[in-house]
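Letter by letter, the chains look like this.
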Amino acid sequence: MNLLKTSGYSDRAIEYYENHLNVGSTEKPDAHSIFTGPCGDTMEIFLKISDVITNAKFQAIGCAGSFASGSALCEMINGKTLMDCAKLDENDVLNHLGAMPQQKVHCAKLAILTLKKAIEQYKKQE
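Presented here is an overview of the structure given in this document. Nothing here was measured: the structure is a model prediction, and the numbers come from that model.

Regarding its fold elements, the chain presents six helices and three strands. Counting from the amino terminus, helix and strand elements in the chain follow one another as α-α-β-β-β-α-α-α-α. Against the globule reference of 14 Å for 126 residues, the chain gives a C-alpha radius of gyration of 14 Å, in line with a compact fold. Judged by the C-alpha coordinates and their principal axes, the chain covers about 45 × 25 × 25 Å. Of all 126 residues assigned to the chain, the portion counted as buried reaches 44%. Put simply, 58% of the contacts in the chain that link residues at least 6 apart link residues at least 24 apart. As displayed, the chain offers around 6600 Å² of accessible surface, 50% of which is attributable to carbon and sulfur atoms.

This is the structure we're talking about:
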């Protein structure tokens, strides 16, 4: 934990990373996507959707920044409509987390791009 804090992660980001909040998958998700960012980290998002997102989970192959960003994003979108979620960007994730090292800001963008891909996939099914 001290290494993460020294590196520039907020307490909230460290908590999300250490507790694996929202990490996992859901059976028969209504929306699902997988995306690999330019850094090589890969994120996968699983969404259960009614009128709003009722369950958001993710899995990642990557660093602490990817896991903190995925956890934060899933926390932020539970209970929101797809329209509200489509308006989110990486700054919303970063603001929710509080602080991340500058070189890990792209992890928040990875989470957002993976979400947007899942929303597009869901809309194509309708």
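Quick look at the pattern of salt bridges now. All chains considered together, the criterion is met by one salt bridge. A salt bridge links Lys-5 to Asp-11, with the shortest nitrogen-to-oxygen separation between them at 2.4 Å.

This part takes up the environment of Glu-90. Tracing the chain through its elements places Glu-90 in helix 5 (residues 90–97). By relative accessible area, which is 22% here, Glu-90 ends up partly exposed. Considered as a pair, Glu-90 and Lys-109 are 19 residues apart in the sequence and their alpha carbons are 4.8 Å apart. Not counting residues up to four positions away in its chain, the partners in contact with Glu-90 are Ala-108, Lys-109 and Ile-112.

A word on the environment of Ala-64. Here Ala-64 is to be found in helix 3 (residues 64–77). Taking the C-alpha atoms as reference, Ala-64 lies 9.2 Å from Tyr-9; in sequence the two are 55 residues apart. Not counting residues within four places of it along the chain, the set of residues in contact with Ala-64 comprises Leu-4, Tyr-9 and Tyr-17.

Another point: the sheet that holds strand 1 (residues 31–36). One open sheet accounts for three strands, arranged 1-2-3; its pairing is antiparallel. Both outer strands of the open sheet, strand 1 and strand 3 (53–61), are each paired with one neighbouring strand and no more. Strand-to-strand twist in this sheet, taken as the mean axis angle between neighbours without regard to direction, amounts to 15 degrees. Each of strand 2 (42–49) and strand 3 is contacted by helix 3, which is oriented at about 175 degrees to strand 3, the strand it contacts most.

Conventions we followed
- Residues numbered from 1 in each chain as written.
- Predicted model: local features only at pLDDT ≥ 70, side-chain atom pairs only at ≥ 80, totals over all residues.
- Heavy atoms only, no water.
- Helix = DSSP H or I, 4+ residues; strand = E, 2+ residues; numbered from the N terminus.
- Rg over C-alpha atoms; globule rule 2.2 N^0.38 Å.
- Buried < 20%, exposed > 50% of the residue type's maximum accessible area, 1.4 Å probe, protein only.
- Contact = heavy atoms within 4.5 Å.
- Areas by Shrake-Rupley, 256 points an atom, 1.4 Å probe, with all protein chains shown as cover.
- Salt bridge = Lys/Arg side-chain N within 4 Å of Asp/Glu carboxyl O.
- Pairing = 2+ DSSP bridges.
- Axes fitted to C-alpha atoms, helices over the stretch in contact; angles between N-to-C directions.

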